[in-house]
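Chain by chain, the residues:
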Amino acid sequence: MRAWLPSLLRAVLLAILLAFLISPGWFEPLLKPLVQDNAPAIYNQGSLLTLTLLHLRTVAIATIAAIIVAVTLAILVTRSFGAEFLPLSRSLVNVGQTFPPVAVLALAVPALGFGEKPTLVALFLYGLLPIFENTLTGLTTLPPSVMEAARGAGMTDRQRLFKVELPLAMPVILAGIRLSVVISLATATIGSTVAAKTLGEVIIAGLQSNNIAFVLQGGLIVGALAVLIYDGLSAIEAVLARRAGL
Amino acid sequence: MIEIDGITKRYDGTAVVDNVTMTIEPRTVTVIVGTSGSGKTTLLRMINRLVEPSAGAIRLDGEDNRSMPGFELRRRIGYAIQGHGLFPHRTVAQNIATVPVLLDWDKARIDAKVAELLALFQLDPAIFAARFPHELSGGQQQRVGVARALAAEPKVLLMDEPFGALDPIIRAKAQADLLDIQKLLKTTIVLVTHDMDEAFHLADKIAVMDKGELVQYGTPAELVTNPATEFVQTLIGASERPFRLLSIETAGQAVEPGTADGKPVGAATSQRDVLSELLWTGRDALPVAAADGTLIGKVTLEGLARRAARPQ
Amino acid sequence: MVIALLVAYGALVAPFATFRANRIVPGEAKSVLAALPAGAGVVLLGLMIVAAAIILLKTPALLRLATAAVALGAIALFIGLTAAYLTPPENTYARVSPASGFWILLFAYALLAADSITRLRPRPGVRVLLLLATLGGAAAILVSGLWDGLSILKEYAGRADVFWLEAGRHVALALGSLFASVVVGLPLGILCHRVEPLRAGVLNTLNLIQTIPSIALFGILIAPLGWIAVHVPGAGAIGIRGIGAAPAFVALFLYSLLPVVANTVVGLAGVPREANEAARGIGMTDRQRLFGIELPLAMPVILTGIRIVLVQSIGLATIAALIGGGGFGVFVFQGIGQTAMDLVLLGAVPTVVLAFAAAIVLDALIEMNTPSQNRGRTT
Ligand SMILES: Nc1ncnc2c1ncn2[C@@H]1O[C@H](COP(=O)(O)OP(=O)(O)O)[C@@H](O)[C@H]1O
Ligand SMILES: [Mg+2]
């Protein structure tokens, strides 16, 4: 009974989320008490489903770019020829994190215009750090005896990387990606301050018209997405970790 | 045959292996001993070029080991290390198949080899082939590590403190198994250890390293009877000398004609163990039985005492 | 080498400054030579070439650091000269702002400085001194009026009072919520460490809060706080209101709890068993053990949590402006609204500087609290 309870809760959450996105009207009575007399309780300036999909797309693009760059960078600085740049790359990515997302967003606007692009840049920069840090941790904490055995067995550098190092580091890398995705899901809402089409639009509309129902539904959809995606990735990670015997 | 010719390795100007020359005969077990930090591992790793030497050369069957890329060389030489170094994300079978896969053997040949090695190391393929390393005991992990090193039928097997992480009982068994397998496969084994008992038990020849230099290279008996330096003497242990001599040879080699009372000892038992048995049972002599159980003579306290004494 | 390429591109190809007739029309890009009086432009280019050479050759880290410092000083000086040179006299609408060339040079030399500092591995105290020196240098230039011609400072000149007011609010929000989260989070973390069944529940709840986007959390809190302001006597008097600083403060506090609690738990769990056994063995009480052994040993991890919180709060506090909570975000959002980038910069630059300085100071603190065998590993 204990074991399947969390899965059940997740399934229920997913069902509610889907129901809300497809037919928000059903939930109107729940949100009605939150708004003043005649204000709409359900976001009415666009489809919540479309916004959700756009939101996810933005996060997906930024995360994939961040994964490619961060993992490549971490691989490069852990090879013997790139070792020189390891401390620098680490402080650089660290500094990147001190830039507030709003600032990155605002500063990217003159170069890229309003809309999705500055949001992508901000999410990309923000997503880099966790993935980079974790990939680095994964690649630098491999058991020395395993690495020695891989070399001793006559694997080339490339074979070692793809057959031993990356598979062993994979659970840690995935944990970084998971963290990065959750941060990005929340941060993407800020993109709507520069007119990106994300769920932030719902929240900001709520803030501007003093409509708590909007704020709440926007926030909860993002929160539910984050929880579901986080759990999904955790499950994949657990399977991989078990396979790797870690 | 492995010819090590004036090999030197320097780190930051200090030689950690200093002009070592030695020849290792094929199909023998050579054990490198020495205190920690004396350069044993570095010497061993220069044979398969995990470490590139600063000077000198190493030839395998007359061929310079730098005549091919390092990774190709290493696919031809078995390598087993302390703590086994098994790939945690691969099954036992996949681990053993590592080098054959790198060498592109066909699948049937790989499967046959894996099954053969598992059987040889007393691991039932039906049970163990699909397990992951963390599902094995320490002794089993170690056996899989050696099996992996032998998978591509290397002529040479390098072992760096392979039994260091095992408890004494399992270690004794692993040593005995290794000797059996060596006799069967005729592999040339070079093994690093800092355990002198292990060295005397396994070695055809022992190389003693001290501060990067090879101070003596000879048979175990030569080392005991004729230590080249004070250091070798200390390493062997003055009070251990007679027992070391006895531990090199077997009861079969000390058989005298005649019979004795008591439970027979096997001809393959070390003379040291026979002496222990004699002392413990308070007898002067024990009968010796060949592997098939037939009595072939006796071993006497007096005879062993003669063998343990310093050669004149 | 990458840095040298950046310097070359920044100095030769990209425009150094932008001139605009007023603050919102598109600007006209000027190269280094065009942006400076004849002699000065050549001097700056010469300097950059020397710097690039020093970077390309394998020079010692200290020399590279000095190069970076001199070069940074030079571009800081020259951008000020640019403003004076390009702005027509008596024209108060014209705006001169640093263009991509300036930013690229700034980035390149900051990278060079960061690289040489990482190589030198200075002790934490020295790093803080370097930070102070840099800030001091920038402050001196600000006070001297050299940059007064630049567009950001023209924006500042127009709203100096508001700037400092919002700066105060920003810092108060970030530090105040940090303080509150430590006061609540540290005991909560200790409790979670001691009382196993509590741990998963508390951490999961805090994790859930983190998944709610900041602007939504800010917004959601408006309702309950508004209700409290109306219904709880005296609440309004102490500043609790539906909109404004109160929901921002509470939201920042809630976000900050997770890193503090989680790191406290992790830090305490990481205390070596032997240390605890030994402490118990010599007859320490639970309380003595907590304050004498566990907390000091867990301190680096707890401080890491606080560093995360502070940097995160300084950034998030910009969003408070959306619900009338003030802070540097006010300028950022006004700037976005008016498409006046200089105004955005007026909000963004101090935020970044603040976050950056906080990160360096706390990193130094963490390192000073870490037993020496690990020293030099954090960057
Ligand atoms: N990669 C290396 N760089 C610098 N010094 C090394 C390196 N590898 C080994 N050494 C030094 O060489 C000496 C011999 O090491 P090793 O061959 O591992 O000794 P052993 O195996 O006999 O304990 C030691 O003092 C060790 O510190
Ligand atoms: Mg060694």
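Each remark here, short or long, concerns the structure printed above.
Quick notes on the rules
- Position numbers for residues start from 1 in each chain and track the written sequence from start to end.
- Chain labels run from A onward and ligand labels from 1 onward, assigned in the order the entries are written.
- In view of the model being predicted, local features appear only for residues whose pLDDT reaches at least 70, and side-chain atom pairs are presented and counted only at 80 or more, with totals across whole chains, interfaces and linings using the full set of residues.
- Remark: hydrogens and water are excluded; side-chain values derive from all non-hydrogen atoms of the structure.
- Salt bridges are identified by distance alone: a Lys or Arg side-chain nitrogen within 4 Å of an Asp or Glu carboxyl oxygen.
- In this text, helices come from DSSP runs of H or I with a minimum length of four residues, and strands from runs of E with a minimum of two, each type numbered from the N-terminal end.
- Accessibility here uses a 1.4 Å probe with only protein chains present; expressed as a share of the type maximum, an area under 20% marks a residue as buried, one over 50% as exposed, and anything in between as partly exposed.
- It only takes one pair of heavy atoms within 4.5 Å for two residues to be counted as in contact.
- The buried area of a pairing is the accessible area, by a 1.4 Å probe, that goes missing from both parts when the two are put together, added over both.
- The nonpolar core is taken to be a set of buried Ala, Val, Leu, Ile, Met, Phe, Trp, Tyr and Cys residues, with the residues joined through side-chain atoms within 4.5 Å.
- A molecule or strand has a residue near it when one of that residue's heavy atoms lies within 4 Å.
- Distance and chemistry together define a polar contact, namely a pair of N or O atoms within 3.5 Å, with one atom able to donate a hydrogen and the other to accept it when in protein, and with adjacent residues in sequence counting only for side-chain atoms on both sides.
- Polar here means any residue outside two lists: the nonpolar Ala, Val, Leu, Ile, Met, Phe, Trp, Tyr, Cys and Pro, and the charged Asp, Glu, Lys and Arg; Gly therefore counts as polar.

### A short note on the pattern of salt bridges
All names here are of chain B.
Next, step 1: Following the criterion strictly, the structure yields 27 salt bridges over all chains and no others.
Next, step 2: Among the salt bridges present, the one from R59 reaches D5, with a minimum N-O distance of 3.3 Å. Here the residue R59 occupies a position in strand β4 (residues 55–60), and D5 occupies one in strand β1 (residues 2–11), the gap between them amounting to 54 residues.
Next, step 3: Given the relative accessible area of 24%, R59 is considered partly exposed.
Next, step 4: Among the charged side chains, a salt-bridge network with shared partners connects E3, D5 and R59.

### Quick notes on the interface of chain C and chain A
Next, step 1: Listed as interface residues are 38 residues of chain C and, on the opposing side, 37 residues of chain A.
Next, step 2: Taken over both partners, the interface formed by chain C and chain A buries close to 3100 Å², and the fraction arising from carbon and sulfur atoms is 80%.
Next, step 3: The three residues of chain C that bury the most area against chain A are C:T211, C:I215 and C:I336, which together make up 17% of that side's buried surface.
Next, step 4: Applying the counting criterion to the chain C and chain A interface returns 0 salt bridges.

### Regarding the nonpolar core
Next, step 1: Within the largest apolar cluster, 104 residues are counted, with the highest numbers of intra-cluster contacts made by A:I221, C:L217, C:F218 and C:V261.
Next, step 2: At 12 residues, the largest contribution of residues to this core is made by helix α10 (residues 212–244) of chain A.
Next, step 3: Residues A:A153, B:I96, B:W105 and B:A149 belong to the second largest nonpolar core, which totals 51 residues.

### Observations regarding the site of ligand 1
All names here are of chain B.
Next, step 1: All residues in the neighbourhood of ligand 1 are listed as Y11, V16, T35, S36, G37, S38, G39, K40, T41 and T42.
Next, step 2: In this structure, an oxygen atom belonging to ligand 1 sits 3.2 Å away from a main-chain N or O atom of S38.
Next, step 3: At 3.0 Å, a backbone N or O of G39 approaches an oxygen atom of ligand 1.
Next, step 4: When residues of the shell around ligand 1 are assigned to their parent elements, the largest contribution, 3 residues, is made by helix α1 (residues 40–47).
Next, step 5: Here the residues of the shell around ligand 1 sort into 2 nonpolar, 7 polar and 1 charged.

### Re the interface of chain A and chain B
Next, step 1: Contacts between chain A and chain B engage 20 residues on the former and 23 residues on the latter.
Next, step 2: For the pair chain A and chain B, the two sides together bury roughly 1800 Å², of which 61% comes from carbon and sulfur.
Next, step 3: Counting every contact that joins chain A to chain B gives 1 salt bridge.
Next, step 4: The partner of B:R45 in a salt bridge is A:E148, and the shortest N-O contact between them spans 2.3 Å.
Next, step 5: Counting across the interface, chain A meets chain B through 7 residue pairs in polar contact (both at pLDDT 80 or more).
Next, step 6: For the side of chain A that touches chain B, the secondary-structure elements that each account for two or more residues are α7 (144–152), α8 (157–187) and α10 of chain A.
Next, step 7: Take the side of chain A that touches chain B: its biggest share by element is 7 residues, from α7(A).

These figures capture arrangement, not role.
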